[in-house]
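Examining the three-dimensional arrangement
Single-letter residue listing:
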Amino acid sequence: MADRACNQAGLGKAVTFNVITPMTRLGTWVVRALLWYFDRWKSTQQTAKDLAFLPFVHWVIVRRDQFARLETAQESERLNYDYLFFLSTFNGPWGPYIEAFADVLYVPLDWVWFWSIGYPFARPVGPLKAYIQRNQVESDHSYSAYPGASVRDVRSALELRTMLTDFANRALGLPDNEFMIEFGGLLMRAQNKLGTFGCIPP
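Remember, predicted model here, so these are calculated numbers, not experimental data. (Residues numbered from 1 in each chain as written. Predicted model: local features only at pLDDT ≥ 70, side-chain atom pairs only at ≥ 80, totals over all residues. Heavy atoms only, no water.)

**Comments concerning the sheet that holds strand E3 (residues 82-91)**
- Pairing is antiparallel across the open sheet formed by three strands, whose spatial order is E1-E3-E2. Two strands in the sheet have a free side with no partner beyond their single neighbour: strand E1 (14-23) and strand E2 (56-62). With direction set aside, neighbouring strand axes in the sheet form an average angle of 15°.
- The strands touched by helix H1 (residues 25-40) are E1, E2 and E3; relative to E2, the strand with the most contacts, the crossing angle is about 140°. (Pairing = 2+ DSSP bridges. Helix = DSSP H or I, 4+ residues; strand = E, 2+ residues; numbered from the N terminus. Axes fitted to C-alpha atoms, helices over the stretch in contact; angles between N-to-C directions. Contact = heavy atoms within 4.5 Å.)

**Some thoughts on the pattern of salt bridges**
- Per the counting criterion, the structure on display carries seven salt bridges.
- Between Lys 42 and Asp 39 there is a salt bridge, with the nearest N and O atoms lying 3.0 Å from each other.
- Overall, Lys 42 belongs to the partly exposed group, its relative accessible area being 45%.
- Classification of Asp 39 as partly exposed rests on a relative accessible area of 47%.
- One salt bridge connects Asp 82 with Arg 64, and the closest N-O pair in it is separated by 3.0 Å. Residue Asp 82 is located in strand E3, and its partner Arg 64 is located in the loop between E2 and E3; the two are separated by 18 residues in the primary sequence. Neither Asp 82 nor Arg 64 differs from the other in exposure class; each is buried. (Salt bridge = Lys/Arg side-chain N within 4 Å of Asp/Glu carboxyl O. Buried < 20%, exposed > 50% of the residue type's maximum accessible area, 1.4 Å probe, protein only.)

Printed below as a string of structure tokens:
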């Protein structure tokens, strides 16, 4: 699904994105401190939140001794590395997503992924794409509250709801001529807020 903006049923605009990379023990401590810093100071997340193609992004550290066993009889694995999970969903094709993400967020990407084995840095983007392809894992299941809507669609819908609520409150008791003026203004403001619900064309 990495090259399509639809799920297997051909529905939706959100594509899942999972990258699992091995880290050294020192890297685990450094990345844990970085993620704590990003979580503590929310302003560091604002650039990612502003991206119109990015519904969700999350980093998780799984230590080598934390991998679950399916049953008690299963022997524990002896792993050489801890692992960093990068979990995300995005709207649109895979290639432009990586390019835009690396272009805008290359500093935090380099800070966090630097400690993963074999990381080539976010710029230039070609080696980064190859690195991601080697470490990417497809999702068997994912959840989307609004599968047919992009981030831009949802934001536009919220703005449109506010506009309609404000109009309804202002329009109560207006004379016909003033109502038509207000309604015309609403149509002008709302015409770019009407998104499409469904699948992004291939």
